[in-house]
Amino acid sequence: MILQQLSALYDRLAADPERSADLPTLGFSKQNISYAVVLKPDGTLVAFDDIRVEVPKGKKTAMVSQKRMVLGGTKPSGSGLNPCFLWDNTGYLLGYKGSGEEKAEKRAQEAFAALRDKHLALETVVNHPQYSAVCRFLEAWDPARAPELFTNPDLLTGNGIFRIQGEEDYVHELPELRSWWLDGGEDLWKGADGKKAKDEREKGMCLVTGRMAKIAVLHEPIIKGVANAQSMGAKLVSFNCNSFTSFAKEQSANAPVGEHAAFAYCNALNYLLGRQETRQLIGDSTTVFWADVPPAKMEMLESIVGRAISPPRDAMHAGNLSRVQEVLDKLAQGKLKKDDLDDAGAPFYILGLSPNVSRLSIRFWFESTFGELLESVQRHYDALRLQPQWTEKNSKNPDPKLIAPNSILRETAREPKDIPPLFSAALMRSIIGGAPYPDAIAQAILRRISIDHDVNYIRCSYLKAWLLRKKSTETQSIITPMINKDNKEPGYLIGRLFAAYEKTQLDANRDRKLNRTIRDSFYSSASATPRGVMARLQRLYSHHLNQLDPGAKINREKLIQSIVGDLTAIPAHMSLEQQAQFTLGYYQQMQDFYTPKNDQEKTEQE
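Bear in mind the structure is a predicted one, so any value in this text is a computation, not a measurement.

Thoughts on the sheet that holds strand 11 (residues 285–291)
Spatially, 4 strands are ordered 10-11-12-13 in an open sheet, and the strand pairing comes out antiparallel. Where the open sheet ends on each side, the last strands, each with one partner, are strand 10 (279–282) and strand 13 (359–369). Between one strand axis and the next, the sheet turns through 25° on average, direction left out of account. One ladder, built from 10 bridges, connects strand 12 (residues 347–356) with strand 13; its direction is antiparallel. Its bridge partner lying in strand 13, N356 is registered against R359. Each of strand 10, strand 11, strand 12 and strand 13 touches helix 14 (residues 423–433); the most contacted strand, strand 13, lies at about 5° to it.

So, helix 19 (residues 534–545)
Look at helix 19: 16 Å from first C-alpha to last across 12 residues, which is about the 16 Å you get at 1.5 Å a residue. M534, L537, Y541, H544 and L545 are the residues of helix 19 that are buried. The buried residues of helix 19 occupy an angular sector of 95° when projected down its axis, which confines them to one face. Buried-residue contacts for helix 19 involve helix 17 (490–508), helix 18 (518–528) and helix 20 (550–566).

Some remarks on the pairing of strand 7 (residues 159–164)
In terms of burial, strand 7 is largely enclosed, as 6 of its 6 residues are buried. As paired elements, strand 1 (residues 28–39) and strand 7 share 6 bridges and run parallel to each other. Paired with I33 across the strands is N159, a residue of strand 7. Note that strand 6 (residues 87–89) and strand 7 share 3 bridges and pair antiparallel. Across the sheet, the residue bridging to N89 is N159, located in strand 7.

Some remarks on the confidence of the model for the chain
Chain-level pLDDT for the chain is 88 on average; 93% of the residues reach the 70-or-more range. Contacts from residues 194–200, a stretch scored under 50 in pLDDT, to residues over four places away or in other chains number 3 contacts. Low confidence marks residues 315–320, where pLDDT is under 50. Its contacts with residues over four positions away, or in another chain, come to 13 contacts.

Quick look at the packing of aromatic side chains
Going through the model one piece at a time under the given rule, you end up with 23 aromatic pairs. Pairing Y35 with F150 gives two aromatic rings, centres 5.1 Å apart and planes at 65°, and the pair type is edge-to-face. In this pair, Y35 is assigned in strand 1 and F150 in the loop between helix 7 (146–149) and strand 7, connecting sequence segments 115 residues apart. In this pair, the class of Y35 matches that of F150, namely buried.

Describing unusual backbone geometry
The amide bond that connects E220 to the next residue, P221, takes the cis arrangement and shows omega of 5°. Residue position: P221 is located in the loop between strand 9 (212–214) and helix 9 (259–273). Phi angles above zero are rare outside glycine, and N228 is one such case at about 70°. Classification of N228 by relative accessible area gives exposed; the value is 71%. In this structure, H453 takes a positive phi of about 60° despite not being glycine. Mapping H453 onto the fold places it in the loop between helix 15 (439–452) and helix 16 (457–470).

Regarding the pattern of salt bridges
Tallied over the full model, the rule gives 23 salt bridges. Of the charged contacts, one joins R519 and E502 as a salt bridge, the two residues approaching to 3.9 Å between their closest N and O atoms. Here E502 lies in helix 17 and R519 lies in helix 18, a separation of 17 residues in the sequence. Close ionic contact of D507 with R556 constitutes a salt bridge, the shortest N to O distance being 3.0 Å. Highlighted residues: D507 in helix 17 and R556 in helix 20, separated in sequence by 49 residues. With respect to class, D507 is no different from R556; both count as buried. Here the residues in one salt-bridge network are E411, R448, D452 and R459, joined through shared partners.

Observations regarding the pairing of strand 11
Of all 7 residues in strand 11, 7 are buried, a share of seventy percent or more. Examined bridge by bridge, strand 10 and strand 11 share 4 bridges and lie antiparallel to one another. Residue pairing in the sheet places I282 in a bridge with S285 of strand 11. Taking the residues that link successive antiparallel strands as the turn, the strand 10-strand 11 hairpin has 2 residues, and the phi of G283 there is positive, at about 65°. Note that strand 11 and strand 12 share 6 bridges and pair antiparallel. Paired with F289 across the two strands is I350, which belongs to strand 12.

About the cut-offs
Residues numbered from 1 in each chain as written. Predicted model: local features only at pLDDT ≥ 70, side-chain atom pairs only at ≥ 80, totals over all residues. Heavy atoms only, no water. Pairing = 2+ DSSP bridges. Helix = DSSP H or I, 4+ residues; strand = E, 2+ residues; numbered from the N terminus. Axes fitted to C-alpha atoms, helices over the stretch in contact; angles between N-to-C directions. Contact = heavy atoms within 4.5 Å. Expected span 1.5 Å × (residues − 1). Buried < 20%, exposed > 50% of the residue type's maximum accessible area, 1.4 Å probe, protein only. Arc of directions from axis to C-beta. pLDDT = per-residue confidence, 0-100. Phe/Tyr/Trp six-rings, centres within 6.5 Å; stacked < 30°, edge-to-face > 60°. Salt bridge = Lys/Arg side-chain N within 4 Å of Asp/Glu carboxyl O.

As C-alpha cells, this is what we get:
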C-alpha cells in the first residue's frame, strides 16, 4: 500500500505542468553538479568552469552545487566500477581524487579508464559531433595533468558534465542524445564494457500495479533526505543475502516491482523528503505526508497538516496563509471540526522512516482522510490542554499553545540522542489513531522529574493526556486543565498537599534565597513513597506556617485542612498512575497559587 500510494503521487505530480519539471523521468535523474568540462569542437580542453551558485548561509554565503537532470539513474553503490554517461564524479571523469593516497589515486585512474572505454565503444553508434568531441578529450586526457589544471579543491567532491565552447546546452542535454538514450541507448551503455549483458528486467507481475511489467532489479534512485541515514542514501526495498531468497528468487525478484513503479515511488519519496513543507523530524523518524488531491490543492492541505501535527513554537504568529492560521487558531481553542474544512474527505497519508544501516525502516504508516486526521489531532490537543505555567503576561518565552510531538519526546531523556527510537512511532499512533498514550513515555517523564525535579507545563500536559486515555469514562471528568478540588484521588491530593507545603516554605522565606526547597529535597520520595516522608513534611510545614502573616496563615491552614480532610490514607507506595496524579496535583496547585482569581474565573468561563 505504501509503494502504491507513492507511485500514484508520482503520476499525479508528473501530470502537473508546474511540478513535472522538478521530477525526473524514467532513464534520467537529478544530480548535484559542481563544474563543467569546457571543450573545443575538436575535443581540446578549454577550462573547468565552476557552475555552483552562491546562496546565503546565515550572515555569510556559500557555494552550492546545481541540481541538474542527467542521463541515467543515481550512481550505483558498491566497490565495482560504475561509470556514468556524460557525467560523473572527478575520480571517474578525470581520474583524479586529490587525496595523495596511492590506493585512492590508483582506483581513480581505473575508474577513468572504465568511463573512457565505455564512451569510446559507443562513439560510432551515437554518431554525434559533440559526443565525438568528448571522446577525443577522454582519449587524450592524462590524469597526471589534473593537479596542474584542476586547481579548485572545493570541486573535487562534486560531479562534472561536458559543454562545447560556444554552445548553450550541455552535451548530455542535447535533444538528439536524450532521444538516443531513451530509444535503447541506456541498454547499450550497460553492455558497452564488453561484458555479456544479462536481461536484468525479466517480466513478471508487479506488486504495485498488478500488471505484467519489466521487474526492477534495483529500486532506484536511492532515497536521500532521511535524517541520520547514510549520506549517499539508503534503500527502502533491497535484498542482498541468501537468507532473504525464496523459491530461488534472487535480489528484488523476492518482491517484484515493475521498473516504472520502482522509479516512481523512489522519486516521489525523494520529492517529499526534499521539501520542508512535507518533511518533519519527529524523534528519530523522518516523517513525510501528502494528500491524494490534485497538485494545485496539495500545498494548502500539506501546510495545514504539517503545522497542526508538529507546530513550531511560534505557530500562532507564523502562519503565512490566512487559512492555515485560521485552522491553527481553532485547534488551539479546541473548536476545530471536520465540517470547518475544505476537502475533508481527501485521502491523506503519513509515513515515518528511520535509518537502518544502508536501508530504511518504516516506523509508522497512517492512512486517513484530511478531515478525520485533523479531528484526531484536535482530540490530541484537547487531551493535552492544561493551564500554562508561563504566559505572555508573565514571561517573554510563554508555553506553547500547541505542543509539538518533539517537545514531548525531548522531555523523556537528558539529551535528544538518548530518546528511545520506538517512542516516536508509539506517540504518533496515539495522536493519529487515538490510541492510549504510551506508558513508557509517561514512565520516562516521571523518571526525569524524579531526577531534575522540573515539573513543567509540557511534562504535565502529557501526563494529563496519558491519564485521560487510561481512565474509565466515569472517572475522566476529574482530570481537568485547571485545578479540580473534586478530584479525590490519593495521588492528586498528596501532590496538592506537597505543593501547599512548598509554597508555605517559600512564603516564610520570601526575603531569603533558599539553597534547597522542599521540592529539591523530598519530591522524589514524596511522589513514590509518601508515607515515609509526609509526617516529616508536616512538621516542617508547622514551623514555616508560624512565620506567615496572620491572614496568610489562616488561608493556608484552611487549604491544608480541606486537602487532608479528603485524604483517607497515605499509601506506602504509589503506582505509576498515582505518581502521575501526584505530579498533576502538584503542578495545578502551584499554578492556582500564582493565578489571580479574576483570571482563573475568566479561563473557566472560556
